[in-house]
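Spelled out, the chains give:
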Amino acid sequence: MKKVVVFGECMLELVSKQGDTLHKGFAGDTYNTAIYLNRCAANVSVSYLTALGNDLLSSELLSKMDEEGINTEYVLRSEDRNLGLYMVHTDADGERTFTYWRQNSAATQSLNLLKGHKVEADVFYFSAISLAILDNDQKAKLFELMGELKGTGCKISFDPNYRPKLWTSKIEAQKWTDAAYAVSDLVFPGGDDHAELYGHMNAEAILQHLAQYEIEEIVVKNGASSVNIFIDNKLDSVPIEPVEKVVDTTAAGDGFNGGYLAARLTGSSHTDSARYGAKVAATVIGFPGAIIDKQALATHVNL
Ligand code: ADP
């Protein structure tokens with residue numbers, strides 16, 4: 001059975017509803033991908049690598065992971081930090097605003113807490129957010145870990161999700177994102193992220209930038225536009241059927257990545273995997289929240 005280790009931060013998610021009511025959930029880019037990957041690939045083992053606190057909410061999240069069938073062998077616990085938190089506020093026009101309380105979260109200490117733990121994986125997946133929350137010393141430790149994993153034949157997979165607030169400058173973000181690309185085998189650049197971070201305005205510009213690295217498989221996502229996949233020196237394009245009624249675009253890219261990886265790891269071609277990932281993403285954006293109900297997913301996607 002193939003083993004995927006997904007590294008990052010899952011936070012408590014509070015969504016404002018009517019009046020003073022808040023709806024509680026758990027989400028975070030890499031966690032969302034881990035959930036969708038695990039739901040879509042019964043024959044793949046998915047472990048989440050992170051650090052939680054000893055608080056009640058951290059314990060609740062741990063139980064959630066167990067319920068979902070995510071392997072928690074690499075879930076570390078911090079003695080003095082708690083789970084990070086973010087809140088989603090939707091105004092009268094449907095515009096969403098996100099506020100984060102994550103600077104001192106347990107997950108920001110993940111690599112320090114990992115210490116002697118041995119990590120084994122066939123695929124190691126992380127994002128620029130996973131990287132951004134770490135101090136420089138731990139960023140270096142993460143690259144050390146990935147170097148060791150690569151030495152064992154593990155493939156590195158990366159999504160350059162760009163959150164400006166998590167970086168001291170754009171230059172800093174570019175430097176580390178490029179360092180991540182340099183060690184990666186399968187990457188999921190998003191059009192919006194590359195436009196904001198590098199000023200790349202189309203898939204050609206993204207691919208031109210990535211040509212300096214030896215990346216086996218580049219999957220360029222761009223909302224409702226076609227997905228472009230560069231593999232074996234060839235570019236393939238998979239059209240996207242626009243969703244008529246988009247309810248909430250949160251986790252579209254995360255869902256796509258989870259579905260794509262699930263299909264790829266169970267033997268599908270890159271184009272079929274993109275179609276499958278797109279189906280997962282289209283279903284995710286048809287429901288509110290980052291992680292939709294498993295039954296809702298199953299009615300639209302072959303799990
Ligand atoms: P990200 O969340 O990384 O910014 P995108 O917005 O590029 O991701 O979307 C990721 C994937 O979600 C797309 O490749 C596509 O499959 C799907 N998607 C996003 N928006 C739409 C839409 N309006 N209709 C159909 N599919 C969509």
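So, here is what we can say about the structure in this document. Worth saying up front: this structure is predicted, and the values here are computed from it rather than measured. (Residues numbered from 1 in each chain as written. Predicted model: local features only at pLDDT ≥ 70, side-chain atom pairs only at ≥ 80, totals over all residues. Heavy atoms only, no water.)

1. Quick look at the overall build of the protein
Argument step 1. Along the backbone of the protein there are 11 helices and 13 strands.
Argument step 2. Projecting the C-alpha coordinates of the protein onto the three principal axes gives extents of approximately 50 × 45 × 40 Å.
Argument step 3. Classification of the 303 residues of the protein by burial places 54% in the buried group.
Argument step 4. Within the protein, contacts between residues separated by at least 24 positions form 68% of all contacts whose residues are at least 6 apart in sequence.
Argument step 5. Surface exposure of the protein reaches about 13,900 Å², of which carbon and sulfur atoms provide 49%. (Helix = DSSP H or I, 4+ residues; strand = E, 2+ residues; numbered from the N terminus. Buried < 20%, exposed > 50% of the residue type's maximum accessible area, 1.4 Å probe, protein only. Contact = heavy atoms within 4.5 Å. Areas by Shrake-Rupley, 256 points an atom, 1.4 Å probe, with all protein chains shown as cover.)

2. Topic: the packing of aromatic side chains
Argument step 1. Summed over the entire model, instances satisfying the criterion amount to 12 aromatic pairs.
Argument step 2. When the centroid spacing of 5.5 Å and the interplanar angle of 70° are considered together, the rings of Y31 and Y48 count as edge-to-face. On the criterion of sequence distance, the pair formed by Y31 in helix α1 (residues 29-40) and Y48 in strand β4 (residues 44-52) is long-range, its members being 17 residues apart.
Argument step 3. Y31 gets classed as buried once you look at its relative accessible area, which sits at 2%.
Argument step 4. Overall, Y48 belongs to the buried group, its relative accessible area being 0%.
Argument step 5. Judged by centre distance (6.0 Å) and plane angle (20°), the rings of F256 and Y260 are stacked. With F256 and Y260 both in helix α9 (residues 252-265) and four residues apart, the pair spans about one turn of that helix.
Argument step 6. Here the aromatic cluster, defined as three or more aromatic residues joined through ring pairs, consists of F7, F124, F126, F158, Y181 and Y213.
Argument step 7. Sitting over the ring of W176, K139 keeps its end group 5.6 Å from the ring centre. (Phe/Tyr/Trp six-rings, centres within 6.5 Å; stacked < 30°, edge-to-face > 60°. Lys NZ or Arg CZ within 6 Å of the ring centre and 35° of its normal.)

3. Thoughts on the environment of V123
Argument step 1. Mapped onto the elements, V123 comes out in strand β8 (residues 123-127).
Argument step 2. A residue is classified by how much of its surface remains accessible, and V123, at 8% relative accessible area, is buried.
Argument step 3. With 48 residues separating them in the primary sequence, V123 and I171 have C-alpha atoms 28 Å apart.
Argument step 4. With residues near it in sequence (within four places) discarded, V123 still touches K3, V4, V5, C154, K155, S157 and L265.

4. Thoughts on unusual backbone geometry
Argument step 1. You will see that K115, though not glycine, has its phi angle at about 30°, which is positive.
Argument step 2. A relative accessible area of 68% places K115 in the exposed class.
Argument step 3. Of note, the phi angle at A251 is positive, near 70°, even though the residue is not glycine.
Argument step 4. Secondary-structure assignment places A251 in the loop between β13 (234-238) and α9.
Argument step 5. Overall, the relative accessible area of 9% leaves A251 in the buried class.

5. A closer look at the site of the ligand
Argument step 1. Not every one of the 16 residues close to the ligand is listed here, only the nearest: G223, E241, V243, G253 and A281.
Argument step 2. V243 is positioned with one of its backbone polar atoms (N or O) 2.9 Å from a nitrogen atom of the ligand.
Argument step 3. Separating an oxygen atom of the ligand from a backbone N or O atom of G253 is a distance of 3.0 Å.
Argument step 4. If you list the elements that add at least two residues to the shell around the ligand, you get α9 and α10 (270-284).
Argument step 5. For the shell around the ligand, the element with the most residues is α9, which contributes three residues.
Argument step 6. Here the residues of the shell around the ligand are counted per class, giving 11 nonpolar, three polar and two charged. (Near = heavy atom within 4 Å. Polar contact = N/O pair within 3.5 Å; in protein donor to acceptor, adjacent residues only side chain to side chain. Nonpolar A, V, L, I, M, F, W, Y, C, P; charged D, E, K, R; others polar.)

6. Quick notes on the sheet that holds β8
Argument step 1. The mixed open sheet is built from nine strands, whose spatial order is β5-β4-β1-β8-β9-β10-β11-β12-β13. Strands at the two margins of the open sheet, each flanked by one partner only, are β5 (75-77) and β13.
Argument step 2. The strands touched by α1 are β1 (2-7), β4 and β8; relative to β4, the strand with the most contacts, the crossing angle is about 155°.
Argument step 3. α9 rests against β1, β4, β8, β9 (155-159), β10 (186-187), β11 (217-220) and β12 (227-231) of the sheet, and its axis sits at about 145° to β11. (Pairing = 2+ DSSP bridges. Axes fitted to C-alpha atoms, helices over the stretch in contact; angles between N-to-C directions.)

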